[in-house]
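# Examination of the molecular architecture
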Amino acid sequence: MRPTQAPFPATRLRRARQSPAIRALTRENSLSVSDFIWPVFVRAGDGIEEPIPSMPGVFRRSVDKIVEAAREAADLGIPAICIFPYTSIEERTEDCAGAWDPENHANRAIRAIKAAVPQIAVMTDVALDTYNINGHDGFVENGEIVNDRTIEALVKMTLSQAEAGADIIGPSDMMDGRIGAMRAALETAGHQNVMILSYAAKYASAFYGPFRDAVGASGALTGDKKTYQMDPGNSDEALRLIERDLREGADMVMVKPGMPYLDICRRVKDTFGAPTYAYQVSGEFSMIQAAAEHGWVDGEKVMMESLMAFKRAGCDGILTYFAPAAARLLNAQQ
Ligand code: PBG
């Protein structure tokens, strides 16, 4: 029940908006550098920072440059970085064996970061799409994305990342039953402190378009991901998925994409009270960057407003390509 308010003029709600000081005092939510997880793309080579055309300001970096980026992020106060590998079509196979190769780009990056910048938490991506010849997150048999055989591969991938030193495993594959299998394998292998941030409510979204360019999956992907990622028309199903993954041992849960799904973030936080994250995905990022480049919106202001929206919707943190830029702004405001 809302407390009743005195009628006008005893209540003048504009009083609380009259000055920066009063607005600061009455602001309900706040954004801080410690809310960010920064997704980065790692590729082969040395000394490489290759711009991604569909994501202005974002790069594919070789491992040495990823380490520099991680150091920069840690210096800004960003608590976590999330590693995605870029793989060329030649590096992709039907058996996806690269996914659990201890020497794949992602695992090399994890080891290098943990050696050089141990204070930053490293999150990973668990899904087969970046190693799969057909760009799907699971194995494809006779045109079907098969669940249970995929889980065996995801578990191997998880263990290789934990061995490399990952702090947070990020399954983005949307197979059924993978959280329980991954948790059990981590416990058995002595990785009881390795966390799982489940992409539990992940929608089949066109907002992932620029990301698929970034990781080299656009040309590879055959068909769509609608048999495993969620239908954008659904909301109750998100709660069932989150509940399932929490029961299987997820430490944290994610809603993805972010801005078009803030209603889901709010429902998830209110229903479970678990650590809840949103992924402001590539398409959301690139739309803001494109409009800003044209001078149609003020890029910095829209960036900060979009990030605050996630906090207002109940999120504990945000995966965002804006992390360093937003961190610099927040640090300058202090
Ligand atoms: C795939 C994966 C995707 C993203 C993160 N992991 C794309 C997809 O499901 O096709 C998207 C991230 C973004 O768009 O920024 N495992």
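Before reading further, recall that the structure is shown in the block above.
Below you will find a few notes about this structure. (Residues numbered from 1 in each chain as written. Predicted model: local features only at pLDDT ≥ 70, side-chain atom pairs only at ≥ 80, totals over all residues. Heavy atoms only, no water.)

### So, the site of the ligand
Quick note on the threshold: Proximity is defined per residue: any heavy atom of the residue falling within 4 Å of a molecule or strand makes that residue near it. Under the rule applied, a polar contact is a pair of N or O atoms within 3.5 Å (in protein, one hydrogen donor and one hydrogen acceptor; residues adjacent in sequence only if both atoms are side-chain atoms). For the accessible areas, the method is Shrake-Rupley and the probe is 1.4 Å, while residue cover comes only from the protein chains on display.
Taken together, 17 residues are adjacent to the ligand, and Lys202, Arg212, Lys256, Ser282 and Tyr321 come closest. Measuring from an oxygen atom of the ligand, one finds a side-chain N or O atom of Lys202 at 2.7 Å. Within the side chain of Tyr321, an N or O atom sits 2.6 Å from an oxygen atom of the ligand. A total of 400 Å² of accessible area belongs to the ligand in isolation, and the protein chains cover 100% of it.

### With respect to helix α2 (residues 63–76)
Definition in use: Put simply, DSSP H or I for four residues or longer makes a helix, DSSP E for two residues or longer makes a strand, and each gets a number counted from the N terminus. Working rule for helices: expected span equals 1.5 Å times residues minus one. Per-residue accessibility, obtained with a 1.4 Å probe over protein chains only, is compared with the maximum for each type, and a residue is labelled buried under 20%, exposed over 50%, and partly exposed between these values.
Taking 1.5 Å of rise per residue, 14 residues should cover 20 Å, and α2 covers 20 Å from first to last C-alpha, within 8% of that figure. Among the residues making up α2, those that are buried are Val63, Lys65, Ile66, Val67, Ala69, Ala70, Ala73, Ala74 and Leu76. Positive phi shows up at Gly77, right after α2, with a value of about 95°.

### Focus: the pairing of strand β4 (residues 80–85)
In summary, the side chains of a regular strand alternate between the two faces of the sheet. Rule in force here: Crossovers are described as right-handed under a simple rule: with the strands pointing away from the observer, the path leading from the first strand over the helix to the second runs clockwise.
Counted residue by residue, β4 has six buried out of six residues, so it is predominantly covered. The alternating pattern of β4 places Ala80, Cys82 and Phe84 on one face and Ile81, Ile83 and Pro85 on the opposite face, and all of these are buried. In this fold, β4 hands off to helix α3 (residues 105–116), which returns the chain to strand β5 (residues 121–123); that crossover is right-handed.

### Describing the packing of helix α4 (residues 148–164) against helix α5 (residues 178–188)
The line we're drawing: Axis definition: a line fit to C-alpha positions, over the contact stretch in the case of helices; interaxial angles, taken between N-to-C directions, run 0 to 180 degrees. Roughly parallel refers to an angle under 35 degrees, roughly antiparallel to one over 145, roughly perpendicular to one between 65 and 115, and oblique to any angle outside these ranges. Helix crossings fall into two classes, left-handed where the near helix is turned counterclockwise from the far one by less than a right angle and right-handed where it is turned clockwise. Contacts: residue pairs with any heavy atoms within 4.5 Å of one another. The nonpolar class holds Ala, Val, Leu, Ile, Met, Phe, Trp, Tyr, Cys and Pro. Asp, Glu, Lys and Arg form the charged class, and all remaining residues, Gly among them, are polar.
Where α4 meets α5, the closest approach of the two axes is 9 Å, and the angle between their N-to-C directions is 40°. The orientation of α4 relative to α5 falls into the category oblique. Along this stretch, α4 crosses α5, giving a crossing that reads as right-handed. Counting all contacts with α4, which are made through Ile151, Leu154, Val155, Thr158, Leu159 and Ala162, the residues of α5 involved are Arg178, Ala181, Met182, Ala185 and Leu186. Of the residues in the contact of α4 with α5, the class split is nine nonpolar, one polar and one charged.

### Considerations on helix α9 (residues 282–293)
The first and last C-alpha atoms of α9 sit 16 Å apart over twelve residues, in line with the 16 Å expected at 1.5 Å per residue. When α9 is considered as a whole, its buried residues turn out to be Ser282, Gly283, Glu284, Phe285, Ser286, Ile288, Gln289 and Ala291. Check the buried side of α9 and you find it contacts α6 (209–214), β11 (276–280) and α10 (299–312). Following α9 by one or two positions, Gly295 has its phi on the positive side, about 75°.

### Observations concerning the pairing of β11
Just so we agree on the cut-off: Pairs of strands are assigned from DSSP output, requiring at least two bridges between the strands.
Within β11, five of the five residues are buried, which leaves the element mostly enclosed by the surrounding structure. Where burial is concerned, the two faces of β11 agree: the one with Thr276, Ala278 and Gln280 and the one with Tyr277 and Tyr279 are both buried. Two elements, strand β10 (residues 252–256) and β11, share three bridges in a ladder whose sense is parallel. Bridge pairing links Val253 to Thr276 in β11. A crossover connection joins β10 to the parallel β11 through helix α8 (residues 262–272); in handedness this β-α-β unit is right-handed. Sheet topology places β11 next to strand β12 (residues 317–320); four bridges connect them, and they run parallel. When the bridges of β12 are listed, Tyr277 appears paired with Gly317.

### Looking at the environment of Met252
When you line up the elements, Met252 lands in strand β10. A residue is classified by how much of its surface remains accessible, and Met252, at 7% relative accessible area, is buried. Aside from chain neighbours lying at most four places away, what touches Met252 is Ile168, Met195, Ile196, Leu197, Ser198, Pro275 and Tyr277.

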